[in-house]
Amino acid sequence: MNGLDEPMAGTLVTLVGEQRMPVLLPIRALRPNQALFVCSDHTREAAQRVAALVPETTVEMLLLQDAYALEAIREALAVRLAGHEPFLLNLTGGTKPMTLAAFAVATAHDAPFVYLSTEGPHRSLRSRLDRYTLHGGVPVLAESLALPSLITLDDYLRAHYAGYSVEGPSDTA
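Residues numbered from 1 in each chain as written. Predicted model: local features only at pLDDT ≥ 70, side-chain atom pairs only at ≥ 80, totals over all residues. Heavy atoms only, no water.

A.B. asks: Would you mind going over the overall build of the chain with me for this structure?
C.D. replies: Broken down by element type, the chain carries five helices and seven strands. For the chain, the C-alpha radius of gyration of 17 Å lies close to 16 Å, the compact-globule estimate for 173 residues. Judged by the C-alpha coordinates and their principal axes, the chain covers about 65 × 35 × 30 Å. Put simply, the chain has 173 residues, and 42% of those count as buried. Counting contacts in the chain only where the partners sit at least 6 residues apart, residues at least 24 apart contribute 58% of the total. Per element, the accessible surface of the chain, about 9,400 Å² overall, is 53% carbon and sulfur. Charge-centre separation for the chain: the mean point of 13 positive side chains lies 3 Å from the mean point of 19 negative side chains. (Helix = DSSP H or I, 4+ residues; strand = E, 2+ residues; numbered from the N terminus. Rg over C-alpha atoms; globule rule 2.2 N^0.38 Å. Buried < 20%, exposed > 50% of the residue type's maximum accessible area, 1.4 Å probe, protein only. Contact = heavy atoms within 4.5 Å. Areas by Shrake-Rupley, 256 points an atom, 1.4 Å probe, with all protein chains shown as cover. Lys, Arg positive; Asp, Glu negative; His and termini not counted. Charge placed at Lys NZ, Arg CZ, Asp CG, Glu CD.)

Pasting the structure below:
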């Protein structure tokens, strides 16, 4: 990470689960030019909604056949990311097998990864984005950043509700 001063170089690989904020907040914080959303049929709509909220980022999708088939996920990620370094993995979302597969890819490529923390002792303060590097295959916390406010209520509602729209004032009460 760059202390949030400059847009991130390379591709942000993001695991997409049912929760949208672990996808949106790191993208808003890191401002990558490119992102790869790893999703399933079940989470494709969530991925598309978040992608619409980050028009400055080119988003591609890696659609998984089974979000629980660890080896198939690892293989699909390895094939898709071959020759696309540098990349940074966001391990916050997705299924646990997706996280394990992505961590295996990170280890194989000695690639850094991030995790969005919204619980624990920092919950009353702000969300934190922790960046890890690998040293001999062992993750080491390299940086932990308190995130500023990165979304509006409008962003949140657009990410979660298909029928949400903003309209002018109404004459009816």
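A.B. asks: Could you clarify how one ought to interpret the layout of surface pockets in this entry?
C.D. replies: Sizing a probe to match a water molecule and rolling it over the atoms shows the empty space that remains. Volume-wise, the largest pocket comes out at about 460 Å³. In terms of lining residues, the largest pocket is bounded by 26 residues, among which Q19, P22, T92, G93 and G94 are the most central. Elements supplying a minimum of two residues to the lining of the largest pocket: α1 (21–30), β5 (113–117) and α5 (153–160). (1 Å grid on protein atoms, 1.4 Å probe; cavity = no way out; pocket = protein on both sides within 12 Å on 5 of 7 lines; lining within 4 Å. Points joined across faces, edges and corners; volume = space filled by probe spheres on them.)

A.B. asks: Please clarify how the nonpolar core should be interpreted in this entry.
C.D. replies: Proteins that are soluble and globular tend to have nonpolar side chains buried together. Residues V16, F37 and L129 are the most contacted members of the largest nonpolar core, which totals 25 residues. Counting only elements with at least two residues in this core, the list comes to α1, β2 (34–40), α2 (44–52) and β5. Per element, the largest residue contribution to this core is seven residues, and it comes from α1. Those residues within four positions of F37 in sequence are excluded, and the remaining contacts are T14, V16, V23, I27, A47, V50, A51, V59, E60, M61 and L62. Listed in part, the 21 residues of the second largest apolar core include L36, I73, A102 and A106. (Core = buried A, V, L, I, M, F, W, Y, C linked by side-chain atoms within 4.5 Å.)

A.B. asks: Is there a simple way to explain unusual backbone geometry in this structure?
C.D. replies: Glycine aside, negative phi is the norm for most residues, and most peptide bonds take the trans geometry. Backbone geometry places R31, a non-glycine residue, at a positive phi of 50°. As for its position among the elements, R31 is in the loop between α1 and β2. Positive phi, normally seen in glycine, also occurs at D110, with a value near 55°. Within the fold, D110 resides in the loop between α4 (96–109) and β5.

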